[in-house]
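Letter by letter, the chains look like this.
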Amino acid sequence: MEENFCEELMHIFRYCFNLMRRQYHQNVHGKVGTQHGQGKILSILRREEGIAQKDLAERLQIRPASLSESLDKMQKNGWIERRINGEDRRKINIYLTPEGHEVSLQMIEARRDMANSVFGILNKQEQAQFQALLAKLAEGMEKAADYK
């Protein structure tokens, strides 16, 4: 394949990614009132309520101090609560409040709306093709980077 064509594909891919990221921040974070990174925290807590703060930081691959800042803001908003672990008082477990569950559900709905808006211009066959091509690209890039 011609080198210039691959460069053009990369340019279009990055451009679409950046547009989608901007729309995500505008439409999802803006609509729900969350900040960068909080959606991922809410998503993990929805699935693993009561996760230890240290384990959550490892899962997110961020420094514990960075997570603590985000959790402070989320706690101030009334979305999470921290509880001392009953078995090991050195550990702090994180739980969603009812408000946090609601915000989490709003994020799911906002993401779904955005996904339908972004990919709704493609018909079902095109969506399936695009998904297969992206999966193929991801697999190739993972092998090249030797991680997963």
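Bear in mind that the values here come from a model prediction, so they are computed numbers and not experimental data.

Student: Describe the overall build of the protein, with residues and values.
Tutor: When helices and strands are tallied, the protein shows six helices and three strands. Each helix (α) and strand (β) of the protein, taken in turn from the N terminus, gives the series α-α-β-α-α-β-β-α-α. For the protein, whose C-alpha radius of gyration is 19 Å, the value lies well above the compact-globule estimate of 15 Å for 148 residues. Looking at the protein as a whole, 24% of its 148 residues are labelled buried. Counting only contacts in the protein whose residues sit at least 6 apart along the sequence, the fraction spanning at least 24 positions is 50%. On the protein, roughly 11,100 Å² of surface is accessible, and the fraction owed to carbon and sulfur atoms is 53%. Considering the protein, the positive charge centre built from 23 side chains and the negative charge centre built from 21 side chains are found 4 Å apart.

Student: An account of the sheet that holds strand E2 (residues 80-84) is requested, with residue identities and associated values reported.
Tutor: Spatially, three strands are ordered E1-E3-E2 in an open sheet, and the strand pairing comes out antiparallel. Each of the sheet's edge strands pairs with one partner strand only, and the pair in question is strand E1 (51-52) and E2. Bridge count for E1 against strand E3 (residues 92-96) is two bridges, and the pairing is antiparallel. Considered in E3, the bridge of Ile51 is made with Ile94.

Student: Residue-level account of the packing of aromatic side chains, with values.
Tutor: Across all of its chains, the model carries one aromatic pair by this definition. Seen from the ring of Tyr95, Arg83 lies directly overhead, with NZ or CZ sitting 3.8 Å from the centre.

Student: Explain the pairing of E3 to me, using residue names and the numbers behind them.
Tutor: Across five bridges, E2 lies against E3 in antiparallel orientation. For Glu81, the partnering residue across the bridge sits in E3 and is Tyr95.

Student: An account of the nonpolar core is requested, with residue identities and associated values reported.
Tutor: Ile41, Leu45, Leu56, Leu67, Leu71, Met74 and Ile80 are the most contacted members of the largest nonpolar core, which has 21 residues in total. Counting residues per element, the ones that place at least two in this core are helix H1 (3-32), helix H2 (38-47), helix H3 (53-60), helix H4 (64-76), E3 and helix H5 (98-119). When neighbours within four sequence positions are excluded, Leu45 is seen to be in contact with Ile51, Leu56, Ile80, Ile94 and Leu96.

Student: Would you mind going over the side chain of Gln38 in detail, with residue names and values included?
Tutor: Structurally, the position occupied by Gln38 is in helix H2. Among residues more than four places away in sequence, those in contact with Gln38 are Ser70, Lys73, Met74 and Trp79.

Student: Before we move on, could you go through the packing of H3 against H4 and cite the residues and values that matter?
Tutor: Relative to each other, H3 and H4 sit at 110 degrees, their axes nearing to 9 Å. By the angle class used here, H3 and H4 are roughly perpendicular. Listed contacts from H4 to Gln53, Leu56, Ala57 and Leu60 of H3 are Pro64, Leu67, Ser68 and Leu71. The residue inventory of the contact of H3 with H4, partitioned by class, reads six nonpolar, two polar and no charged.

Student: A description of the environment of Gln131 should follow, citing residues and the corresponding values.
Tutor: Note that Gln131 resides in helix H6 (residues 124-145). As a C-alpha pair, Gln131 and Trp79 span 52 residues in sequence and 34 Å in three-dimensional space.

Rules of the game
Residues numbered from 1 in each chain as written. Predicted model: local features only at pLDDT ≥ 70, side-chain atom pairs only at ≥ 80, totals over all residues. Heavy atoms only, no water. Helix = DSSP H or I, 4+ residues; strand = E, 2+ residues; numbered from the N terminus. Rg over C-alpha atoms; globule rule 2.2 N^0.38 Å. Buried < 20%, exposed > 50% of the residue type's maximum accessible area, 1.4 Å probe, protein only. Contact = heavy atoms within 4.5 Å. Areas by Shrake-Rupley, 256 points an atom, 1.4 Å probe, with all protein chains shown as cover. Lys, Arg positive; Asp, Glu negative; His and termini not counted. Charge placed at Lys NZ, Arg CZ, Asp CG, Glu CD. Pairing = 2+ DSSP bridges. Phe/Tyr/Trp six-rings, centres within 6.5 Å; stacked < 30°, edge-to-face > 60°. Lys NZ or Arg CZ within 6 Å of the ring centre and 35° of its normal. Core = buried A, V, L, I, M, F, W, Y, C linked by side-chain atoms within 4.5 Å. Axes fitted to C-alpha atoms, helices over the stretch in contact; angles between N-to-C directions. Parallel < 35°, antiparallel > 145°, perpendicular 65-115°, else oblique. Nonpolar A, V, L, I, M, F, W, Y, C, P; charged D, E, K, R; others polar.

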